[in-house]
Amino acid sequence: MSITDNLLAFTFAATLLTLTPGLDTALVLRTATVEGKQQALRATLGINASCLLWGAAVAFGLGALIAVSEVAFNVLKYCGAAYLAWLGLNMLLRPRSSLAPVEADGKPGANWFLKGMMGNVLNPKIGIFYVSFLPQFIPQGHSMVVWTFGLVSIHVVISLIWSLILIGATQPLAGVLRREKVIKWMDRTTGMIFVLFAARLAFSKR
């Protein structure tokens, strides 16, 4: 395939991947409906920052290590599962009844950035996906580093656009979605999704 064909094929595949509902979608929707668009944007930036980190890992060989090392894979896998389970159980067991005001120092926002980032950083399957997926779209003889970052950047842009669409879709219903019962339901539902993803990750194989 030509370079243009490679880019178009990857863009199409990355779009399908992004539109497939998963942990990131659940996190963005929950944060947008319960905490507002600013916090959801921070979570989105954290999620996409983790994609860039994984892209760097793949470009410089660390992703390949996780792909071939059972120990490295399992350590990261169980750390990620524990983190997701911790987030999920907190939402399940201690759902909020109202929204805490955003503090002037921005700590809640920074917190959601980290939550979005850590959820993906501690998921080795993303690294393995990049290791196995990205090379298929890198033309022979071209720079692995340059093309990896370029392809990951395309994925990040698509993900940002999709997240903005999700965030925007929740705003007309913000008044209803921020009621006490709805907040508790959203927290518990998202918590259950996180726990299920944690179990799926913990028992997953390469």
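Residues numbered from 1 in each chain as written. Predicted model: local features only at pLDDT ≥ 70, side-chain atom pairs only at ≥ 80, totals over all residues. Heavy atoms only, no water.

- The chain has the name LysE family translocator in an unreviewed UniProt entry, where Pseudomonas yamanorum is given as its organism.
- Listed in UniProt under the heading Subcellular location (unreviewed entry), the comment for the chain reads: "Cell membrane". (UniProt positions renumbered as here; feature names shortened; annotations may be inferred.)

### Things to note about the nonpolar core
Right, on to step 1. Core analysis: the biggest nonpolar cluster contains 39 residues, and F10, Y130 and L151 have the highest contact counts within it.
Right, on to step 2. Mapped onto this core, the elements with two or more residues apiece are α1 (3-19), α2 (23-35), α3 (37-59), α5 (70-93), α7 (124-133), α8 (144-170) and α10 (180-202).
Right, on to step 3. Excluding residues within four positions of it along the chain, F10 makes contact with F133, L134, F137, L151, I154 and H155. (Core = buried A, V, L, I, M, F, W, Y, C linked by side-chain atoms within 4.5 Å. Buried < 20%, exposed > 50% of the residue type's maximum accessible area, 1.4 Å probe, protein only. Helix = DSSP H or I, 4+ residues; strand = E, 2+ residues; numbered from the N terminus. Contact = heavy atoms within 4.5 Å.)

### Concerning the packing of α5 against α10
Right, on to step 1. Where α5 meets α10, the closest approach of the two axes is 7 Å, and the angle between their N-to-C directions is 160 degrees. Here α10 runs roughly antiparallel to α5, going by the angle between their axes. Note that α5 runs across α10; the crossing there is left-handed. Residues K77, Y78, G80, A81, L84, A85, L87, G88, L89, M91 and L92 of α5 form the contact with α10, whose own contacting residues are D187, R188, T190, G191, M192, F194, V195, F197, A198, L201 and A202.
Right, on to step 2. Split into classes, the residues belonging to the contact of α5 with α10 amount to 15 nonpolar, 4 polar and 3 charged. (Axes fitted to C-alpha atoms, helices over the stretch in contact; angles between N-to-C directions. Parallel < 35°, antiparallel > 145°, perpendicular 65-115°, else oblique. Left-handed = near helix turned anticlockwise from the far one by under 90°. Nonpolar A, V, L, I, M, F, W, Y, C, P; charged D, E, K, R; others polar.)

### Side note on the packing of aromatic side chains
Note on aromatic pairs: each is described by the distance of the centres and the angle between the planes.
Right, on to step 1. A full pass over the atoms with the stated rule returns 1 aromatic pair.
Right, on to step 2. Above the face of the W112 ring, K115 is positioned so that its terminal group lies 4.4 Å from the ring centre. (Phe/Tyr/Trp six-rings, centres within 6.5 Å; stacked < 30°, edge-to-face > 60°. Lys NZ or Arg CZ within 6 Å of the ring centre and 35° of its normal.)

### Observations concerning the pattern of salt bridges
Where charged atoms of side chains with opposite charge meet at close range, the side chains can pair.
Right, on to step 1. In total, this model carries 1 salt bridge according to the counting rule given.
Right, on to step 2. Its salt-bridge partner being E35, residue R30 comes within 3.3 Å of it at the nearest N-O pair. (Salt bridge = Lys/Arg side-chain N within 4 Å of Asp/Glu carboxyl O.)

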